[in-house]
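Structural characterization, general
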Amino acid sequence: MAEAGSFADRVKQQADIVRVIGEYVRLKKSGQNFTGLCPFHGEKTPSFAVHPVKQIFHCFGCGKGGDVFSFVMEMEKCPFPEAVKVVAEKCGIPVPRPKERTPEERKENQQRAALIEIHREAQAFFVRQLESTAEGRAARAYLEDRGLNAETIARFGIGYAPSGGDVLLRQLKPKYAENLLVESGVISRDQSGARLFDRFRRRITFPIANESGKVVAFGCRALGDELPKYLNSPETPIYSKSNVLYHMDRAKEPIRRQDFAILVEGYMDAIAVARAGIGNVVASCGTSLAEPQIKLLGRFTKRVIVNYDPDVAGQAATERSLMLLLEHDFEVRVLALPPVGDLSGQAGKKADPDLFIREKGAEAYIKLLKEAPPYVDYLIARARQMDLSTGEGKQRALNFLMPYVQRIPNRLLRSEWATRIAQQLRIDEPVLRAALNKSATERRGEVKVAPQLVGKPAKQIERRLIRMLAEAEGFKKELAQRLQHGRLYEGLETEKVFAALIVAGLSDEPIPATEIGAQLEERERRLFFEILFEDAQEPTWEEAESCLDALRRRQIEQELAKVQKTIEANPSGAGLRELLERKQELMKQLTAAGQPG
């Protein structure tokens, strides 16, 4: 939120939202607004509108809307401060110099910069070793046997760490303090603390970059039979494995452009998929997918195809990842690659993405990728592999499926899946539905149901009053007071919109529509922006009073219906007399309000 008088507020006042959005969307003048194709969802008919006077945008198709900052945040996938800077630069507004850092902050920044530089030098060293040494030739032969040519090796910065224990150390030691070298993770110290040595020896090196493309760690594979087979950098001030996805620095733009990501396990899998012409691939590097990685992915898309290895460990990793992705409202599909058979059609080896693409080719992989089923189909197939010949086996299959089915956000879709599960597992559908209902009741706090984005349309009276509360500067405060005093908005479909507008209307300071919208849930915010973009005549106080009278009549009619219902319940004595008297009074009020009783 741009606070009054802040730099962000000044930028917002000076920025031209049409000019900024026009750099991303081709806009055309349409009445007092500008329209174009929405950048947030695919469409052929323009439903995206920009209001130059109110300095807001809204899409009538997907419902996204807000101010110039929220638009840039959504397009650039950046936080609010960065969006302010982007808008300022686009509009030629000088950005203030950052505040002077404390000595501690300067020291931390210097340390991080030095660690980045150590990794840059280590990366260049590993590449040289691969290109120009005898050991490097053996490593290149291994990579070529895995299908990687010179162009691919260079493209992904693959290198080689030699077998000598201090070759890299000797290059770095004259330039950096020992403690800093150890903290970088590329150099280790022995248990006595007296000797330093290279952490990676006789290994293929894969540089791991952060989102901005800076190398911050290495993943290394043993060239021979050394254990462990894979050895990664430790946690450092510039690297946390739960915050980084391999290939994200290259994949983020293809992911945003295509609006889905392919999630694989290892470096070679990510490289193989990228070489197949599919740039929107990232790898979790053999570790369990972590929440920060999912949040990083969520900045660019909410759609994922999980393509982990088909072995037992890969299946377990797939199921753990599904849980986390569904909890963060991702739309998930799962690609389980078939085994790679020989020419006689006999069953072959289980195929990870790297092996499958080498054996079957990129086109076969892309075809399966397009056909990847929703995650529930994958899970049903997994459940069908269990022993379903007994009641206990079916119970185990249900227990396996239940946590995932609970996370299906849409009630109708959940019902459809229940039918399919019952058919596939040969379970009585009423029994399955009872189990689902019971589980949902017991775990109500954990089941996430997506809000209904489209409810009953607001009546015209409500829409006009909302527009007046937002724009009628001459009388919106009086209108807000009348609505609040009579509680006339309570029980309306638009009650939450009215509540936010009444608070704004009673304020002595003007509150922008974007800030009011930010307080609302998705459905109400969407309705609010739609109403603001409607063509409407200039509001008058006479019209406002007419709308208020209509709400009063509604209020009286509702109370009258309740009184009548209570009378029909046959109360006796004084209670009945009071109800009849109240009914007569309400009927008189209706008549006075212009509604015959």
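For the structure itself, look to the data block above.
Below, the structure is looked at part by part. (Residues numbered from 1 in each chain as written. Predicted model: local features only at pLDDT ≥ 70, side-chain atom pairs only at ≥ 80, totals over all residues. Heavy atoms only, no water.)

Across the sheet, 4 strands lie side by side as S13-S12-S14-S15; this open sheet has parallel pairing. This sheet does not close on itself; its edge strands, each paired only once, are strand S13 (281-283) and strand S15 (331-334). Across the sheet, the axes of successive neighbouring strands diverge by a mean angle of 25 degrees, strand direction being ignored. Here 3 bridges tie strand S12 (residues 261-264) to strand S14 (residues 303-306), and the two strands are oriented parallel to one another. Looking at the pairing, Ile 262 lines up with Ile 305 of S14. Its contacts with the sheet put helix H10 (residues 248-258) on S12, S13 and S14, and the angle it makes with S13 is roughly 135 degrees. (Pairing = 2+ DSSP bridges. Helix = DSSP H or I, 4+ residues; strand = E, 2+ residues; numbered from the N terminus. Axes fitted to C-alpha atoms, helices over the stretch in contact; angles between N-to-C directions. Contact = heavy atoms within 4.5 Å.)

Our focus in this paragraph is the pattern of salt bridges. Once the charged atoms of two side chains with opposite charge are near each other, the side chains can pair. Applying the stated rule across the entire model yields 30 salt bridges. Salt-bridge contacts for Lys 367 lead to Glu 371; the nearest nitrogen and oxygen are separated by 2.8 Å. On the accessibility criterion, Glu 371 (46% relative accessible area) is partly exposed. Its salt-bridge partner being Glu 559, residue Arg 582 comes within 2.8 Å of it at the nearest N-O pair. (Salt bridge = Lys/Arg side-chain N within 4 Å of Asp/Glu carboxyl O. Buried < 20%, exposed > 50% of the residue type's maximum accessible area, 1.4 Å probe, protein only.)

Taken as a whole, this structure holds 19 aromatic pairs when the rule is applied. Aromatic pair Phe 69 and Phe 80: ring centres 5.4 Å apart, planes at 85 degrees, arrangement edge-to-face. Here Phe 69, found in helix H3 (residues 68-76), pairs with Phe 80, found in helix H4 (residues 80-90); they are 11 residues apart in sequence, far enough to count as distant. Assessed through its relative accessible area of 1%, Phe 69 is described here as buried. By relative accessible area, which is 23% here, Phe 80 ends up partly exposed. Between Phe 200 and Phe 218 the ring centres are 6.4 Å apart and the planes differ by 70 degrees, which places this aromatic pair in the edge-to-face class. Of this pair, Phe 200 sits in the loop between strand S8 (196-198) and strand S9 (203-209) while Phe 218 sits in strand S10 (residues 215-222), and the two are 18 residues apart along the sequence. In this pair, the class of Phe 200 matches that of Phe 218, namely buried. Members of the aromatic cluster, joined through ring pairs, are Tyr 24, Phe 40, Phe 48, Phe 57 and Phe 71. The ring centre of Phe 34 lies 5.4 Å from the NZ or CZ of Lys 29, which sits over that ring. (Phe/Tyr/Trp six-rings, centres within 6.5 Å; stacked < 30°, edge-to-face > 60°. Lys NZ or Arg CZ within 6 Å of the ring centre and 35° of its normal.)

The phi angle at His 247 is positive, at roughly 80 degrees, despite the residue not being glycine. Residue position: His 247 is located in the loop between strand S11 (230-232) and H10. The buried category is assigned to His 247, whose relative accessible area is 5%. We note that Asp 329 has phi near 65 degrees; this positive angle belongs to a residue other than glycine. Mapped onto the elements, Asp 329 comes out in the loop between helix H13 (312-327) and S15.

The next subject is the sheet that holds strand S4 (residues 56-59). Pairing in this open sheet of 5 strands is antiparallel, and the strands run S1-S2-S3-S4-S5 from one edge to the other. The open sheet terminates on both sides in strands that have one partner only, identified here as strand S1 (28-30) and strand S5 (65-66). Pairing between S4 and S5: 2 bridges, direction antiparallel. Bridged to His 58 within S5 is Gly 65. On the sheet, helix H24 (residues 522-532) packs against strand S3 (48-51), S4 and S5 and is oriented at approximately 110 degrees with respect to S4.

On to H10. When we look at burial in H10, the residues that qualify are Met 248, Ala 251, Lys 252, Pro 254 and Ile 255. Buried-residue contacts for H10 involve S12, S13 and helix H12 (291-298). Two residues or fewer past H10, Asp 259 is found with a positive phi of approximately 60 degrees.

Next up on the list: the pairing of S15. Residues Val 332 and Val 334 point to one face of S15 and are all buried, whereas Glu 331 and Arg 333, pointing to the other face, are not buried. Bridge count for S14 against S15 is 4 bridges, and the pairing is parallel. What sits directly across from Val 306, in S15, is Val 334. Where the polypeptide runs from S14 across H13 and back to S15, its parallel neighbour, the crossover connection is right-handed. (Right-handed = clockwise from strand over helix to strand, strands pointing away.)

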